[in-house]
Structure formats: structure tokens, C-alpha cells
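Examining the three-dimensional arrangement
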Amino acid sequence: MQKGFFIRRTCRICGSPKFLPVLTLGSMPPANAFLKKADFARERSFPLTLVFCPRCTLAQLREVVDPKILFAHYTYLTNASAPLVAHFTHYAKEVIRRYPLSKKDLVVEIGSNDGTLLLQFKKSARVVGVDPAKNVAAIARKKGIPTEVAFFTVTRARRLKKKYGSATVVLANNVFAHIDDIHEVLRGVGELLGERGVYIFETHWVGNLLGKGGFDQIYHEHLSYFSLHALSYLAGLHGMRVVDVELVHMHGESLRVYIQKQGTPKVSVAQFLAREKKLGLGRIGGYRSFAKKVERNKKELTTLLHKLKTQGKSIVGYGAPAKGNTLLNYIRIDGRVLDFVTDTTSLKQGLFTPGTHIPVVPPERLYTHPPHYALLLSWNYASAILAKEKKLRTEGVKFIIPVPKVKVI
Ligand code: DWN
């Protein structure tokens, strides 16, 4: 990929060449490509276009950026967000309750990041992480989580099986949507899983994207925007089936999907598929009205920020999530609007936001340089953050929630 990306001409699930256009967000750098000032001149941008496959109903990106550019060095750490750590602690307890594990069992996580989730399984079973980001895998290993620096493929699955045996549980959270060749990954999961094993993954739900208009969840890492319908179709192509599904309130709303080679699907699957049908997720109409919602949101936010700046108000960004960079680049919010962006992730502090080049600073800056307004880019953790910043708010700092509807609180 000499340009660093290629254009998909066929659907990544069903191979259909027919795509319907949904939304073009323009050209922007990868959402997690935080950078030093010295690297501004050689920063790369790529087109970002969401399309819809009417045959298997997968919404997906037309452009596929080289995964080595996106993931070989990664700035996102799971344990930088306390609510996410709490979520994964509960998640592990749930899985262990449903699938009692012992040290004979093997739990493998694809995209294991800094080992936050596997640490919860380590007490009950043998664990192995697989993650392409060398810098992040080193953090996991320091915590005692064996981690292979690699993209998960059939070959990698076979090597893992040879070394550790079959897996009882394979996990992949906020990863499955990041992979272009999902057939390769599902084949690999099939090879690695024991006959009664279970593949459990969380992925942002396209129903939340359409329902709430959270366009900022669209960025180059997120190649697919899954519905349960599309996932069921995909599992079927591999002789597997979705045996259970839960809607979890993380990253807006995500699906927690359980896939096995055998077993009777729980009633939750049919119920959720019926819900998606009712929401019209299988038809282009819902995507068209989503695009209109995004345009309205863009206008509202631009008008508000312009008004506040005209009134001489100071505004900062709260949180430097990947999604925040889609929002900043799409709505063209740069250092003329935001004085700085705070973030709890040590790997992001001292760098600048991709495309808009706003300095990322530790959260303490909020208290030494309190603004009039804080644009909550990490809106998906709004309740935890607003509770945490109660004092700041009583001192008069107002928070702007940008998505799904612009709100000042
Ligand atoms: O799919 C992905 C999602 C699930 O996670 C990955 N591609 C990358 C990442 O996306 P994100 O960066 O949008 O995820 P978060 O978890 O919404 O990012 C939150 C950001 O906000 C982190 O950088 C940490 C920061 N934060 C903060 O500064 N103060 C978070 C909290 C809770 C806080 O209080």
C-alpha cells in the first residue's frame, strides 16, 4: 500500500461490489496519530467515507489504511479510563460466572492492549494476549500478561494452539471492527477455539451510531459498523452461530456477542434481531437520516463555539479520545477555539492532536488554568467525568456535550 491506504471495491463480509454512499467526512489523519510538533510537516491524512452494503447490511469504510500505520505504535491505553477498567472488571466476572474456568483453561485476547482485561482472568485461567502495538504489549508484559506482538491471523492461531493448546475463551473487545480481513480472523478463532469454546467480543453497535448520530465514532481504525444481523450472517459463513448477545453501555452502546461452533442460540438473539429490523438497520433509509443528523449537529456545534469565542470565552477540550479527533477535524476545531486538550493517558500528554495540532496536557492543567467552557470530547464517560469535576463546575466551568445533541451543562 504505497499510498498508505487502498479503496475497498467489495464488501468485507459478503463480497458484493454494490456499495451505497452514506457519509463523507473528508480527509484527516488517523484518530490516534497524536504527534510531536517536529512531525507536523510529514503528517499524513486519508479520506474517510462510510458506505453501506445492501446485501449483508454491513456499514463500512471505503478506505482501508495500512494497519501498520494505525496499530504498530499505539497511544490508547485501556487503563487510562477508570470507567472502562470498572467495565472490564465486571465483564470478566460475568464471563467466569457463565464459563467456570480453571488453570487447565486458556483465555486468549485479540487486541489485548495493556492487559487490563486479561489481568482479571489471570487469577482463574492461563492467559495470552495478542496485540500488534509493541509499546503497549510491553506494558502488558510488565504486568505479567504473556503478550505476543502480532496481528491475529490463522498462522498465529495455529502457533498459539501448538504452544498452549485449544482456547476455552477467545476475547476481542473494540478490535473486531478494526480488522479488514475479518474472515481470516474468524478462521483463526475457529482453529484456536476448542469444540465447546466461545468467542466473546464487544463492538460498537451501528444502532447507536444511527440512533444517536455519534458520527465521531467513525475513524480509520473502525472499518466496520456492525449490526447483530451482519454479525450473524458472518458467523454463519464460518459454520458458527451467535448464541447470545447483550447491549452494553460502553462507547455509547456496544454489542457483547457470544459466538460458538455449536450450541442453541438464546432467545436474546432473535429478540435483538427483531429490534434491529424494527429500527430499519438493514435499510439505507436509516443511514440517510443519520447523515442529515450529523450535518445538523455540525451546524449547531459550530454556531455555539463561534458565539462563545466572539464573547471572549476560553474553551478547552476535556479528554483526547480517538473519536474526539474525528469531531475536531470534521468540524474544523483547532487551537483558535480550544486552548488545550486534557487527557489522563501518559502516552498522549506532551503531544498534539492529529490534524488540528492542539496541545494535549495532563488533567491538572484544568485546575491551574480553569476555562469558561470544557468541550467534553470523552462524552461517553460524561456521568463519571461530571461527577469527578463537581468542584470545577461549582466554580463556574461549564461543560459542552457535543454528541449526540449539543448541550451545555
Ligand atoms: O475502538 C476504540 C475505542 C473503543 O477506544 C479504539 N479504536 C480506541 C479507543 O477510542 P477512544 O479513544 O475514543 O476511547 P475512549 O475510551 O472513549 O477514550 C477516552 C479518552 O479520554 C482516553 O484518552 C482517556 C481520556 N479520559 C480522560 O482524560 N479523563 C477518560 C476519562 C474517563 C477521564 O476522566
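Predicted model, so just to flag it, every value in this text is computed and none were measured.

What follows covers the overall build of the chain. If you tally the helices and strands in the chain, you get 14 helices and 19 strands. The globule rule puts the C-alpha radius of gyration for 409 residues at 22 Å, and the 21 Å found for the chain is close to it. Going through the 409 residues of the chain one by one, you find that 58% of them count as buried. Look at the contacts in the chain between residues 6 or more apart in sequence, and 69% of them connect residues 24 or more apart. By element, 56% of the accessible surface of the chain is carried by carbon and sulfur atoms, the whole surface being about 17,100 Å². Between the centroid of the 62 positive side chains of the chain and the centroid of its 30 negative side chains there is a distance of 2 Å.

What follows covers helix 9 (residues 267-279). With 13 residues, helix 9 extends 19 Å between its outermost C-alpha atoms, agreeing within 8% with the 18 Å of an ideal straight helix rising 1.5 Å per residue. For helix 9, the complete set of buried residues consists of Ser 268, Val 269, Phe 272 and Glu 276. Seen from one end, helix 9 has its buried residues packed into an arc of 100 degrees, which puts them on one side. In helix 9, those exposed residues whose orientation departs by more than 90 degrees from the buried face are Val 267, Gln 271, Lys 277 and Lys 278. Check the buried side of helix 9 and you find it contacts helix 8 (228-237), strand 12 (241-248) and strand 13 (254-260). Looking one or two places after helix 9, you find Gly 280, whose phi comes out positive at around 75 degrees.

As a volume, the second largest pocket reaches approximately 600 Å³. Contributing to the lining of the second largest pocket are 20 residues, with Ala 33, Phe 34, Leu 35, Asp 39 and Ile 69 lying nearest its centre.

Our next topic: the pairing of strand 15 (residues 338-342). Burial analysis of strand 15 places 4 of its 5 residues in the buried class, which makes it a mostly covered element. The handedness of the strand 14 (residues 315-318) to strand 15 crossover, carried by helix 11 (residues 322-330), is right-handed.

A few words now on the pattern of salt bridges. Tallied over the full model, the rule gives 18 salt bridges. In this structure, Arg 98 and Asp 244 form a salt bridge, with 2.7 Å as the shortest nitrogen-oxygen distance. Taken together, the positions of Arg 98 in helix 2 (residues 82-98) and Asp 244 in strand 12 put the pair 146 residues apart, joining distant regions of the chain. Residue class for Asp 244 comes out buried when judged on its relative accessible area of 5%. The closest approach of N and O atoms between Arg 256 and Glu 246, which form a salt bridge, is 3.9 Å. One end of the pair, Arg 256, is in strand 13; the other, Glu 246, is in strand 12, with 10 residues separating them in the sequence. Of the residues examined, Glu 246 reaches a relative accessible area of 23% and is grouped as partly exposed. Salt bridges linked by common partners bring Arg 98, Glu 202, Asp 244, Glu 246 and Arg 256 together as one network.

Let us look at the side chain of Glu 276. Topologically, Glu 276 is positioned in helix 9. Buried Glu 276, no salt bridge; nearest opposite-charge side chain is Arg 275, N-O distance 7.9 Å. Here the side chain of Glu 276 touches Leu 228 through a polar contact of 2.6 Å, landing on its backbone nitrogen.

Criteria and cut-off values
Residues numbered from 1 in each chain as written. Predicted model: local features only at pLDDT ≥ 70, side-chain atom pairs only at ≥ 80, totals over all residues. Heavy atoms only, no water. Helix = DSSP H or I, 4+ residues; strand = E, 2+ residues; numbered from the N terminus. Rg over C-alpha atoms; globule rule 2.2 N^0.38 Å. Buried < 20%, exposed > 50% of the residue type's maximum accessible area, 1.4 Å probe, protein only. Contact = heavy atoms within 4.5 Å. Areas by Shrake-Rupley, 256 points an atom, 1.4 Å probe, with all protein chains shown as cover. Lys, Arg positive; Asp, Glu negative; His and termini not counted. Charge placed at Lys NZ, Arg CZ, Asp CG, Glu CD. Expected span 1.5 Å × (residues − 1). Arc of directions from axis to C-beta. 1 Å grid on protein atoms, 1.4 Å probe; cavity = no way out; pocket = protein on both sides within 12 Å on 5 of 7 lines; lining within 4 Å. Points joined across faces, edges and corners; volume = space filled by probe spheres on them. Right-handed = clockwise from strand over helix to strand, strands pointing away. Salt bridge = Lys/Arg side-chain N within 4 Å of Asp/Glu carboxyl O. Polar contact = N/O pair within 3.5 Å; in protein donor to acceptor, adjacent residues only side chain to side chain.

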